[in-house]
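Spelled out from the first residue to the last, the chains are:
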Amino acid sequence: VATVVAIITGVLAVRRMLRVPEPFLDLRLFANRIFSGAVLVSLLTGYALATAIVGMAAFIDRVRFAGPEEQGLVLGPMAFFMAVGAFASGFLMRRFDATAVTLVGLATSVGGLVWLSVTRIDTELWVPVGALSVFGLGFGLTVTPRSMAAVEAAGRDAFGAASAAVTVARMAGMAIGMAVLTAFGTTRIDRTTEALNDQAYRDSIVPPELVGQPLGDPLVLDAIERWASAEAAEVLGQLFIVAAIVLAIAAVPAWLMREGPDELATRDGDEVRAGF
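Quick notes on the rules
- Residues numbered from 1 in each chain as written.
- Predicted model: local features only at pLDDT ≥ 70, side-chain atom pairs only at ≥ 80, totals over all residues.
- Heavy atoms only, no water.
- Helix = DSSP H or I, 4+ residues; strand = E, 2+ residues; numbered from the N terminus.
- Buried < 20%, exposed > 50% of the residue type's maximum accessible area, 1.4 Å probe, protein only.
- Contact = heavy atoms within 4.5 Å.
- Areas by Shrake-Rupley, 256 points an atom, 1.4 Å probe, with all protein chains shown as cover.
- Phe/Tyr/Trp six-rings, centres within 6.5 Å; stacked < 30°, edge-to-face > 60°.
- Lys NZ or Arg CZ within 6 Å of the ring centre and 35° of its normal.
- Polar contact = N/O pair within 3.5 Å; in protein donor to acceptor, adjacent residues only side chain to side chain.
- Expected span 1.5 Å × (residues − 1).
- Salt bridge = Lys/Arg side-chain N within 4 Å of Asp/Glu carboxyl O.
- Patch = residues over 30% accessible without salt bridge, like charges linked within 9 Å, V, L, I, M, F, W, Y side chains within 5 Å.

A. Structural view of the overall build of the chain. Along the backbone of the chain there are 10 helices and zero strands. Start at the N end of the chain and walk to the C end: the helices and strands fall as α-α-α-α-α-α-α-α-α-α. Within the chain, buried positions represent 38% of all 276 residues. Partitioning the intrachain contacts of the chain with sequence separation of at least 6 by distance along the chain shows that 74% fall at a separation of at least 24. Accessible area of the chain: about 14,800 Å², with a carbon and sulfur share of 67%.

B. Here's a closer look at the packing of aromatic side chains. Taken as a whole and assessed by the stated rule, the structure comprises five aromatic pairs. Here Phe80 and Phe81 contribute two aromatic rings whose centre-to-centre distance is 5.2 Å and whose plane-to-plane angle is 85°, an arrangement assigned as edge-to-face. Taking relative accessible area as the criterion, Phe81 reaches 30% and is therefore assigned partly exposed. Across the ring face of Phe139, the terminal group of Arg146 is positioned such that the distance to the ring centre comes to 5.1 Å.

C. Seen up close, the side chain of Thr45. As for its position among the elements, Thr45 is in helix H2 (residues 33-62). Judged by its relative accessible area of 1%, Thr45 is buried. Looking at Thr45, its side chain comes within polar contact range of the main-chain oxygen of Val41, at 2.7 Å. Reaching out from Thr45, the side chain makes a polar contact with the backbone oxygen of Ser42 at a distance of 3.1 Å.

D. Representation of helix H5 (residues 126-154). Along its 29 residues, H5 runs 43 Å from first to last C-alpha, staying within 8% of the 42 Å computed at 1.5 Å per residue. Of the residues flanking the end of H5, it is Gly155, one or two places downstream, whose phi is positive at about 95°.

E. Region of the structure containing the pattern of salt bridges. Taken as a whole and judged by the stated rule, the model has three salt bridges. A salt bridge links Glu70 to Arg64, with the nearest nitrogen and oxygen atoms 2.4 Å apart. Since its relative accessible area comes to 17%, Glu70 is described here as buried. Residue classification places Arg64 among the partly exposed positions, given a relative accessible area of 27%. Here Arg226 ties to Asp222 by a salt bridge, and the two come within 2.9 Å at their closest N and O atoms. Of this pair, Arg226 and Asp222 both sit in helix H8 (residues 218-249), four residues apart, which is roughly one turn of that helix. The class of Arg226 is partly exposed, set by a relative accessible area of 47%. By relative accessible area, which is 34% here, Asp222 ends up partly exposed.

F. View of a nonpolar patch on the surface. Among the surface-exposed residues, Val114, Ile241, Ile245 and Ile249 lie close enough to one another that they form a single nonpolar patch of about 320 Å² accessible area. It is H8 that contributes the most residues to the nonpolar patch, three residues altogether. Tracing the chain through its elements places Ile245 in helix H8. For Ile245, a relative accessible area of 48% corresponds to the partly exposed category.

G. Spotlight on unusual backbone geometry. Not every positive phi belongs to a glycine, and Phe65 is a case in point at roughly 55°. As for its position among the elements, Phe65 is in the loop between H2 and helix H3 (68-92).

H. Representation of the side chain of Thr102 in the model. With respect to the helices, strands and loops of the structure, Thr102 is situated in helix H4 (residues 98-116). Sequence-distant contacts of Thr102, that is, excluding residues within four places in its chain, are made with Val41, Thr142, Pro145, Ala254 and Met257.

Structural data, given as structure tokens:
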């Protein structure tokens, strides 16, 4: 029912926004190559951000069996370096165009996620801290370029709509990332439950000396816990690789954000008229 309502209201909203002279969101903005590229970059980086945050929180909780203190220790540096990257990107935009800065940020984030994907239960804690810090720095470098590109492409009359579109796109990407991670979590719970209830399946994952032993045996429970931890680490590593691939794909819309001769001429003309 919710899907049907969403489709109907979505079609009606699009129809109205295309017909009224001053819509809430002018969909014609998406015909602009730079604007669409900036929104797509925001969407894809939002997916990777949710994967990094929620995936690593789940890793600490379900693989390392640690609590909020260790989660804060790992995720805190990522937040710090995101701020550093966003701050630095503002200065870099004075010398380089949005595409160049965004591509550097995406490449840095991809490197951080690939590094993060090798983290396992016996990995030293500094590895995820370093990997997330690298990812956060790269993500921060993409913040200013995509926002500035969208706003400049939309024009002065649509600054608010352009800024909102970039933000909503990032939130939508994060929602998709959350959905993927939730589906993963449900699958893992189902597999763990199967190991607890199915003797034959349980015997296939425990060491040979524990085959046939009851579930109440502490050694059996410990073996299942270690198996579940290893499985979770493996699948999370795969999800981090998928997020890295998504960021690599984001290089395509980032390339669309580059300014051609027409855009450069228009911007230079605006600057001259403004007295710069």
